[in-house]
Structure formats: C-alpha cells, structure tokens
Protein chains: 2
Amino acid sequence: MDADRPEHTEHTEHTEQGTYTVPGQEYSRDSRYLTTRITADGRDGYPVEPGRYRLVAARACPWANRAIIVRRLLGLEGVLSMGLAGPTHDERSWTFDLDPGGRDPVLGIERLRDAYLARDPHYPRGITVPAVVDVTSGAVVTNDFAQITLDLELEWTAHHRPGAPDLYPEHLRTEIDQVNRRVYAKVNNGVYRCGFAGDQGAYEAAYRSLWDGLDWLEERLSGQRYLVGETITEADVRLFTTLVRFDAVYHGHFKCNRNRLTEMPALWAYARDLFQTPGFGDTVDFAQIKEHYYVVHRDINPTGIVPLGPDLSGWVAAHGRERLGGRPFGDGTPPGPVPDGERVDPGHTPLG
Amino acid sequence: MDADRPEHTEHTEHTEQGTYTVPGQEYSRDSRYLTTRITADGRDGYPVEPGRYRLVAARACPWANRAIIVRRLLGLEGVLSMGLAGPTHDERSWTFDLDPGGRDPVLGIERLRDAYLARDPHYPRGITVPAVVDVTSGAVVTNDFAQITLDLELEWTAHHRPGAPDLYPEHLRTEIDQVNRRVYAKVNNGVYRCGFAGDQGAYEAAYRSLWDGLDWLEERLSGQRYLVGETITEADVRLFTTLVRFDAVYHGHFKCNRNRLTEMPALWAYARDLFQTPGFGDTVDFAQIKEHYYVVHRDINPTGIVPLGPDLSGWVAAHGRERLGGRPFGDGTPPGPVPDGERVDPGHTPLG
C-alpha cells in the first residue's frame with residue numbers, strides 16, 4: 001500500500017526548533033516510518049488485541065486526525081484507547097501537556113519521544129503522530145500513518161462496532177488508492193510544500209500543483225457526493241482532514257491563497273457535509289489546529305500570534321449535498337455520541 | 001484637519017531592516033510629519049505652481065495611493081508630475097529602482113531619502129510616501145499624507161480639469177471628517193495594528209476593532225452607494241485604498257482573517273464599483289502591492305515568498321451598485337485615459 005508515499009523520500013532533518021523551511025530548497029517530507037504492523041494474525045509480533053495498544057494522536061495534526069476519525073467511525077474506542085498530545089511542541093516534539101500533571105495517564109510519560117526511545121534508544125527521525133504504542137512495553141509499534149487507518153479497517157474487523165461502515169471496500173480499492181495518491185501529492189502534502197517552500201520557485205510549483213489538484217476535486221465532487229463510490233471511504237477521510245484546516249491555516253499561513261475553501265462551491269459543500277457527519281466534525285478542534293501551526297512554525301510566523309479568524313459558523317450551515325444521492329454509511333449506521341473524556345472543547349468548534 | 005491623526009503619537013523607530021513588530025507592544029504609527037503646506041496663497045512659502053512640484057508615491061503604499069487617485073480624479077497630471085518608487089525597500093527605505101538607471105528622471109536621485117535630507121540633513125524620522133518635493137530645491141515640502149489630498153482638492157482648484165469632481169464638498173465636510181476618523185482608526189491603520197502587533201493581546205484588540213469598523217461599514221454601505229453623500233468623496237478614496245489591499249495582503253499577512261472582503265457583500269460590491277470607476281482601479285498594481293508587504297516585512301514573513309493568490313478576477317465582475325442611485329462624479333465627468341508613462345503594467349491588474 002503506497003498510496004501515501006511521496007515520490008522521493010530524501011531526508012530533511014529539522015533540528016533547530018521551529019525551523020521548517022530550508023532556504024533555496026523545496027520541502028521534502030521525511031517519509032521513513034516505523035512500518036511494523038498490528039495485524040489479526042500477528043505476523044509482525046503484534047496481534048490485534050483489545051486493550052493492548054494506545055493510539056497517540058494530536059487533534060492539531062491532519063495525519064493523526066485521520067486515525068481519530070477512523071477509530072470513531074469503526075467504534076474502536078473500547079478496544080484501542082487514545083492519548084492526545086497538546087497542540088504545541090517543545091524542542092523535543094509532542095508532549096502530553098493537556099493531561100493532568102503533564103503525563104499521559106496510561107503510558108505514564110510526559111513526551112511522546114519517550115515511547116519512540118523505548119522502541120529504539122537511538123531513534124533518529126521525527127517524533128510524529130499518529131503513533132500506536134504497545135502499552136505493555138511502552139514502545140511505539142508504528143507511526144506509519146497511511147497504514148494505520150487501513151489496518152484499523154482491515155485487521156481490526158473482529159472488534160468493529162455493529163453497523164460500522166466499510167471504509168475500504170474491496171471492489172473500490174484500486175480507485176481509492178489512485179485517488180489517494182493524487183490527493184496526497186497535490187493536496188495533503190501539497191499544502192506543506194507551499195508553506196515550507198524555501199524559495200519562490202519551489203512555492204510557485206507547489207501552489208500550481210495544489211490548485212490543479214483542488215480544481216480537479218472541485219469538478220469531481222460537483223457531480224458526486226463522495227470521492228469514490230456512494231458512501232464515505234478512506235479517501236474521504238484523507239481529503240477531509242486537509243480541507244477542514246484549509247481556511248483556518250493553509251490559506252494564510254501556508255500561502256495557499258488563490259481561493260478560500262468557502263469559494264469552491266462543491267468542495268466547500270462536500271467538506272461541510274462530512275463535517276456534519278458523526279465521526280468527522282466532532283473530532284475537529286479548530287483552536288488546537290490554529291495554535292499548533294501558528295505557534296510551532298516560528299520560521300514562518302515569528303511572532304507566534306494566532307489569528308482569531310476565520311469565522312467558522314459556515315461549517316454548520318446546510319450543505320444541500322443530499323440531492324446528489326449517496327448514503328454516508330451505506331448499509332451501516334453512524335457512530336453514537338463521542339465517549340466521555342474524548343469530546344472536543346465546545347469553545348473550540350462551531351458544533352458547540 | 002485631524003481626521004487622520006491617531007490618538008497617540010508615540011514614536012516607534014524601525015531602525016533594524018525589516019523589523020516592524022516590537023515584542024510585547026502594540027503597534028504605534030509615528031505620525032509626526034513635515035506639515036508645510038502648498039497653498040494657493042503660498043503662506044508657508046510654497047505657492048501652488050504648475051510644474052514646480054513632484055508627487056513622489058509608490059503604487060504599493062495605501063497612503064500614497066490616495067494621492068495618486070486624487071491627482072488623477074482632479075486631472076492634475078499636467079501640473080504636478082509624479083515619481084514612483086519601487087515596491088521594495090533597502091535599508092534606507094524607498095528607492096527609484098523602477099526608473100532607468102535607478103534614478104528618478106526629474107529629481108535625479110536614487111533614494112527618496114535624499115529629498116528628505118535636502119530638507120533637513122538630520123531628518124530623524126521615517127522616509128515615507130507620499131511626499132511632495134519642490135523640484136527647484138530637490139527638498140521634500142510635505143509628507144503629511146492626510147493633508148496632501150485635501151490640499152490637492154482645495155488649494156489646486158485653479159488647475160483642476162474641466163469636470164473634476166468636488167471630493168470634499170463644503171456641506172459634507174463635517175460628516176466626511178467624522179467618517180474618516182473612524183475609518184482611519186479602525187480600518188486604514190487598524191490593519192497595521194493587527195499585522196504589527198507585538199503580542200497576542202495587542203493583536204486581538206486590534207482585530208476586534210477592525211471588524212467592528214468593517215461591520216459598521218458593511219451596514220452603512222448596504223443602503224447607500226458611497227460613504228458620504230451621493231457622489232465619490234475623499235472618504236471613498238481613503239477607504240478604497242485599504243479595501244483593495246485587503247484580500248491580497250491584510251487578510252493573510254496581517255492576520256485580518258475573520259472574513260475575506262469577498263465575503264462581505266456590500267463592502268465587496270462597493271470596492272468593485274470604485275475599482276471599476278476611472279481613477280481608482282487604474283492606479284492599482286496588485287503585483288507591487290503584494291511584493292512590498294511580503295518582501296519588506298521580513299519579521300512577519302521571513303522567507304520573503306510572495307503568495308500567488310488571491311484570484312483577482314472578481315474585481316472586474318458586475319457590482320450592481322447602480323440600483324442604489326448616486327452619481328460617481330456628480331455634475332462632473334470621469335477622468336480620461338491614464339496618461340502614457342503612468343499606466344499600471346497590464347500583467348499586474350485584472351483590468352488587463
């Protein structure tokens with residue numbers, strides 16, 4: 001499964017705190033991950049097992065947001081617990097500063113880094129979310145974000161809730177993979193290539209690629225409710241977590257400013273439709289999203305000031321996408337209410 | 001005439017190149033100007049005289065844009081020449097880098113600073129545009145931007161073109177002054193107070209004041225075509241030069257991002273109406289505007305990368321404001337075509 005793999009994987013270390021751009025260079029994501037998998041058959045030594053693993057995420061992060069959404073859509077909350085890092089970093093990356101005592105209550109650590117070092121005392125790469133940690137050892141099993149959601153969908157089926165949707169239906173996988181590849185290169189990672197471009201030329205190439213991708217999506221979604229097939233799939237999850245951050249962060253902070261999402265009629269209605277679907281918008285914390293990007297990336301926002309905008313009220317306005325047909329959960333059902341302790345701060349979302 | 005005077009005039013020196021924010025402080029504009037006036041009676045020693053003075057402006061600058069617009073609306077091009085500094089600064093401020101040889105062809109100088117030093121060899125404050133220079137001495141007469149346009153309107157009347165509008169009609173002056181004071185504090189200077197805020201609190205106060213002002217304008221302009229009276233006035237000129245920069249610069253770069261201008265129906269239609277009125281949009285160079293802000297303010301945009309957006313095509317779309325009545329030029333007429341040598345690069349404007 002290489003849908004999320006960029007074409008080149010050249011390593012760019014960000015050793016200086018808050019430094020994400022390299023003058024004169026295009027942005028290149030380090031996409032070497034811990035690729036150990038948690039599977040039903042346990043072939044990598046990590047079998048699916050209720051209560052054994054902890055998903056460490058951060059509401060700020062679009063890659064982690066995918067896993068938060070999928071876990072909830074599939075009803076895995078009872079078997080796979082979730083720890084949430086706060087929106088900002090210190091120089092050693094994600095911390096559990098939102099938890100009482102600044103410590104994850106299950107893993108007992110202050111920094112996600114400790115779980116990476118438990119896996120490899122010389123772990124050389126970025127401390128990223130999402131990460132799935134083996135609670136018994138305290139070590140990260142995988143941070144391979146593209147594989148994590150697929151494995152939740154395909155390997156954890158024995159623990160899916162009744163009525164869980166099939167987010168990666170077998171007969172649509174080829175098309176989903178194709179869409180995902182294009183969305184990753186041009187949109188999911190494309191916004192970062194705009195924002196972290198080290199010179200004008202790299203920025204302009206990234207911007208043109210991004211809008212080429214968004215124009216293609218605008219056209220595709222003008223005639224169909226979801227990206228692939230008649231129901232929500234993995235493809236929608238992946239696009240959604242970028243779109244929901246678009247006007248709040250990418251438009252200004254990353255200079256993705258040809259248009260706001262609100263000016264793209266089909267994409268904006270599509271994004272609102274998903275936002276209002278249980279399992280999507282109820283995972284989104286706009287305050288944490290904005291704080292993360294504007295505070296952490298000091299090299300593109302030296303003051304660390306977090307914008308008060310944009311107005312978010314449009315996210316809960318009618319979207320009118322029902323006329324395109326489609327059934328979000330197919331023959332399944334929406335997830336129930338968000339469990340206690342996992343609700344987004346009502347002040348941080350237009351869902352209230 | 002104090003419509004454009006901020007309430008406090010505390011001095012903030014920006015001696016370090018590209019430094020506009022002061023950590024922990026709100027932004028405070030240095031509003032001590034050279035207030036010598038060019039008048040019909042010459043009481044300050046500088047009588048109105050065709051050919052004697054040169055308006056030095058920069059298309060990038062909203063304060064200078066006011067003077068460019070008023071000069072053109074009144075048809076003063078033949079009696080008051082214009083020099084244009086390029087969009088970016090070096091450490092000694094505005095330069096004539098767009099002119100052949102990097103030298104203003106009339107003043108013969110490379111830097112506007114030289115004209116300030118000709119006035120005062122120890123000139124201690126910022127080198128600002130607009131400035132009106134006495135060509136005979138090469139010295140700046142005034143850089144008091146708020147007074148410059150009023151004097152063009154009231155002191156240069158003998159040289160106005162036939163059909164020139166009355167931009168500051170006597171019976172409306174009290175109301176125009178009141179509107180200008182509010183627009184200056186909340187909007188014209190308000191966007192700078194957002195963008196150059198030195199901490200979160202100063203930014204948030206400025207943002208709330210800005211949107212309070214814009215909401216008030218949105219309501220006012222929902223029922224009337226122009227800000228004061230039935231025709232274009234000085235009040236419209238002053239608001240226009242901020243609105244035309246809003247989505248291109250202030251929304252993202254200055255974090256004025258509750259809404260884009262395009263999301264404020266009355267303000268957006270009003271701004272388009274003016275943009276399409278001869279004398280307004282034909283003075284606007286979006287490329288120079290963007291280059292100025294994004295390149296010069298390195299402390300808020302360290303990479304110096306200039307965004308490719310926003311899409312500008314909407315500026316030439318129908319505005320529908322005719323239904324509100326009003327006659328842009330009253331009993332007068334629009335200005336003729338832009339003189340040769342003063343046209344905006346067709347690639348830098350949606351007017352083409």
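Everything numeric here is computed off the predicted structure, so don't read it as measured data.

S.K.: So what's going on with the overall build of chain A? Which residues, and what values?
M.R.: Regarding its fold elements, chain A presents 10 helices and 6 strands. Its C-alpha atoms give chain A a radius of gyration of 19 Å, within 12% of the compact-globule value 20 Å for 352 residues. Seen along its three principal axes, the alpha-carbon backbone of chain A occupies a region of about 50 × 50 × 40 Å. Out of the 352 residues belonging to chain A, those deemed buried represent 59%. Within chain A, counting contacts between residues at least 6 apart in sequence, those at least 24 apart form 72% of the total. Accessible surface, chain A as shown: approximately 13,000 Å² in total, 48% of it carbon and sulfur. Across chain A, the centroid of the 38 positively charged side chains sits 1 Å from that of the 51 negatively charged ones.

S.K.: Tell me about the pattern of salt bridges, residues and numbers included.
M.R.: The full count for this structure, using the stated rule, is 44 salt bridges over all chains. Across the pair B:Arg72 and B:Asp282 runs a salt bridge, and its minimum N-O distance is 2.7 Å. Here B:Asp282 lies in the loop between helix H9 (265-275) and helix H10 (286-296) and B:Arg72 lies in helix H1 (residues 62-73), a separation of 210 residues in the sequence. The two residues B:Arg72 and B:Asp282 agree in class, both being buried. Between B:Arg327 and B:Asp331 there is a salt bridge whose closest N-O contact spans 3.1 Å. We classify B:Arg327 as partly exposed; its relative accessible area is 46%. Judged by its relative accessible area of 74%, B:Asp331 falls in the exposed class. Because the salt bridges share partners, they merge into one network encompassing A:Arg37, A:Asp151 and A:Glu155.

S.K.: I'd like a rundown of the sheet that holds strand E2 (residues 81-85) of chain A, residues and numbers included.
M.R.: All names here are of chain A. With respect to topology, 4 strands assemble into an open sheet ordered E2-E1-E5-E6, the strand pairing being mixed. The open sheet is flanked by E2 and strand E6 (139-142), the only strands paired with a single partner. In this sheet, neighbouring strand axes are inclined to one another by 40° on average, regardless of whether the strands run parallel or antiparallel. Across the sheet, helix H1 (residues 62-73) lies against strand E1 (53-58) and E2, angled at about 130° from E1, the strand it touches most.

S.K.: I'd love a proper account of the packing of aromatic side chains, names of residues and values included.
M.R.: To describe a pair of aromatic rings, one takes the distance between the centres and the angle between the planes. This model, assessed by the stated rule, comprises 52 aromatic pairs over all chains. Here A:Tyr250 and A:Tyr293 contribute two aromatic rings whose centre-to-centre distance is 5.5 Å and whose plane-to-plane angle is 90°, an arrangement assigned as edge-to-face. Of the two residues, A:Tyr250 is situated in helix H8 (residues 246-253) and A:Tyr293 in helix H10 (residues 286-296); the sequence distance between them amounts to 43 residues. Summarising the burial analysis for this pair, A:Tyr250 and A:Tyr293 share the class buried. Judged by centre distance (5.7 Å) and plane angle (85°), the rings of B:Phe254 and B:Tyr293 are edge-to-face. Taken as a pair, B:Phe254 in the loop between helix H8 (246-250) and H9 and B:Tyr293 in helix H10 lie far apart in primary sequence, 39 residues in all. In this pair, the class of B:Phe254 matches that of B:Tyr293, namely buried. Of note, A:Arg29 hangs over the ring of A:Tyr192, and the distance from its end group to the ring centre comes to 4.6 Å. If you follow A:Arg182 out to its NZ or CZ, it ends over the ring of A:Trp216, 4.1 Å from the centre.

S.K.: Got a sec to walk through the packing of H1(B) against helix H7 (residues 234-243) of chain B? Specific residues and values, please.
M.R.: All names here are of chain B. The N-to-C vectors of H1 and H7 enclose an angle of 140°; their axes lie 9 Å apart at closest approach. Here H7 runs oblique to H1, going by the angle between their axes. Viewed along their axes, H1 and H7 form a crossing whose handedness is right-handed. Of the residues in H7, those in contact with Pro 62, Asn 65, Arg 66, Ile 69, Val 70 and Leu 73 of H1 are Glu 234, Val 237, Arg 238, Phe 240 and Thr 241.

S.K.: Go over the pairing of strand E6 (residues 139-142) of chain B, please, and point to the residues and values.
M.R.: Residue and element names in this part refer to chain B. With 3 bridges connecting them, strand E5 (residues 131-134) and E6 associate as antiparallel partners. Bridge assignment links Asp 134 to a residue of E6, and that residue is Ala 139. Here E5 hands over to E6 after 4 residues, with Gly 138 in that stretch at a positive phi of 75°.

S.K.: Talk me through the relation of the copies chain A and chain B; I want residue IDs and the actual numbers.
M.R.: Superposing chain A onto chain B takes a rotation of 180° plus a shift of 0.0 Å along the axis, which leaves an RMSD of 0.0 Å. In the structure described here, the two chain copies are related by an operation that fits a two-fold rotation axis. Considering only C-alpha atoms, the part of chain A nearest the rotation axis is A:Gly252, at 2.2 Å. A high fraction, 100%, of the interface residues of chain A reappear at the interface in chain B, so the copies pair face to face through one surface.

S.K.: How would you summarise the interface of chain A and chain B if you had to cite specific residues and measurements?
M.R.: Chain A puts 32 residues into the contact, and the matching count from chain B is 32 residues. Surface buried jointly by chain A and chain B totals about 2,400 Å² across both partners, of which 56% is contributed by carbon and sulfur atoms. Scanning the region where chain A abuts chain B turns up 2 salt bridges. The partner of B:Glu263 in a salt bridge is A:Arg260, with the nearest N and O atoms 2.7 Å apart.

S.K.: Talk me through the environment of A:Val228; I want residue IDs and the actual numbers.
M.R.: All names here are of chain A. Along the polypeptide, Val 228 turns up in the loop between helix H6 (200-222) and helix H7 (234-243). Judged by relative accessible area, which is 0%, Val 228 ranks as buried. Residues Val 228 and Glu 175, 53 residues apart in the sequence, show an inter-C-alpha distance of 7.1 Å. Apart from residues no more than four positions distant in its own chain, Val 228 is found in contact with Leu 172, Glu 175, Ile 176, Val 179, Arg 220, Thr 233 and Ala 235.

S.K.: Got a sec to walk through H9(B)? Specific residues and values, please.
M.R.: The α-helix winds at 3.6 residues per turn, so residues separated by three or four positions along the chain end up facing the same way. All names here are of chain B. A large share of H9 lies buried, amounting to 10 of its 11 residues. Residues Ala 266, Leu 267, Trp 268, Ala 269, Tyr 270, Ala 271, Arg 272, Asp 273, Leu 274 and Phe 275 constitute the buried set of H9. Of the surrounding secondary structure, the elements contacted by the buried residues of H9 are helix H6 (200-222), H7 and H10.

S.K.: Outline empty space enclosed by the protein, listing residues and values.
M.R.: On inspection of all chains with the given rule, the structure shows 11 cavities of 30 Å³ or more. Empty space within the largest cavity amounts to approximately 150 Å³. Lining the largest cavity, in full, are A:Gly252, A:His253, A:Lys255, A:Tyr294, A:Ile300, A:Asn301, B:Gly252, B:His253, B:Lys255, B:Tyr294, B:Ile300 and B:Asn301. Looking at the lining of the largest cavity residue by residue, the class counts come to 4 nonpolar, 6 polar and 2 charged. As a volume, the second largest cavity reaches approximately 110 Å³. Lining the second largest cavity are 13 residues, and of these A:Ile38, A:Val132, A:Thr142, A:Ile148 and A:Asp151 lie nearest its centre. The element that contributes the greatest number of residues to the lining of the second largest cavity is helix H3 (residues 145-154) of chain A, accounting for 4 residues.

Criteria and thresholds
- Residues numbered from 1 in each chain as written.
- Chains lettered and ligands numbered in written order.
- Predicted model: local features only at pLDDT ≥ 70, side-chain atom pairs only at ≥ 80, totals over all residues.
- Heavy atoms only, no water.
- Helix = DSSP H or I, 4+ residues; strand = E, 2+ residues; numbered from the N terminus.
- Rg over C-alpha atoms; globule rule 2.2 N^0.38 Å.
- Buried < 20%, exposed > 50% of the residue type's maximum accessible area, 1.4 Å probe, protein only.
- Contact = heavy atoms within 4.5 Å.
- Areas by Shrake-Rupley, 256 points an atom, 1.4 Å probe, with all protein chains shown as cover.
- Lys, Arg positive; Asp, Glu negative; His and termini not counted.
- Charge placed at Lys NZ, Arg CZ, Asp CG, Glu CD.
- Salt bridge = Lys/Arg side-chain N within 4 Å of Asp/Glu carboxyl O.
- Pairing = 2+ DSSP bridges.
- Axes fitted to C-alpha atoms, helices over the stretch in contact; angles between N-to-C directions.
- Phe/Tyr/Trp six-rings, centres within 6.5 Å; stacked < 30°, edge-to-face > 60°.
- Lys NZ or Arg CZ within 6 Å of the ring centre and 35° of its normal.
- Parallel < 35°, antiparallel > 145°, perpendicular 65-115°, else oblique.
- Left-handed = near helix turned anticlockwise from the far one by under 90°.
- Least-squares fit on C-alpha atoms with pLDDT ≥ 70 in both.
- Buried area = accessible area lost by both parts, 1.4 Å probe.
- 1 Å grid on protein atoms, 1.4 Å probe; cavity = no way out; pocket = protein on both sides within 12 Å on 5 of 7 lines; lining within 4 Å.
- Points joined across faces, edges and corners; volume = space filled by probe spheres on them.
- Nonpolar A, V, L, I, M, F, W, Y, C, P; charged D, E, K, R; others polar.

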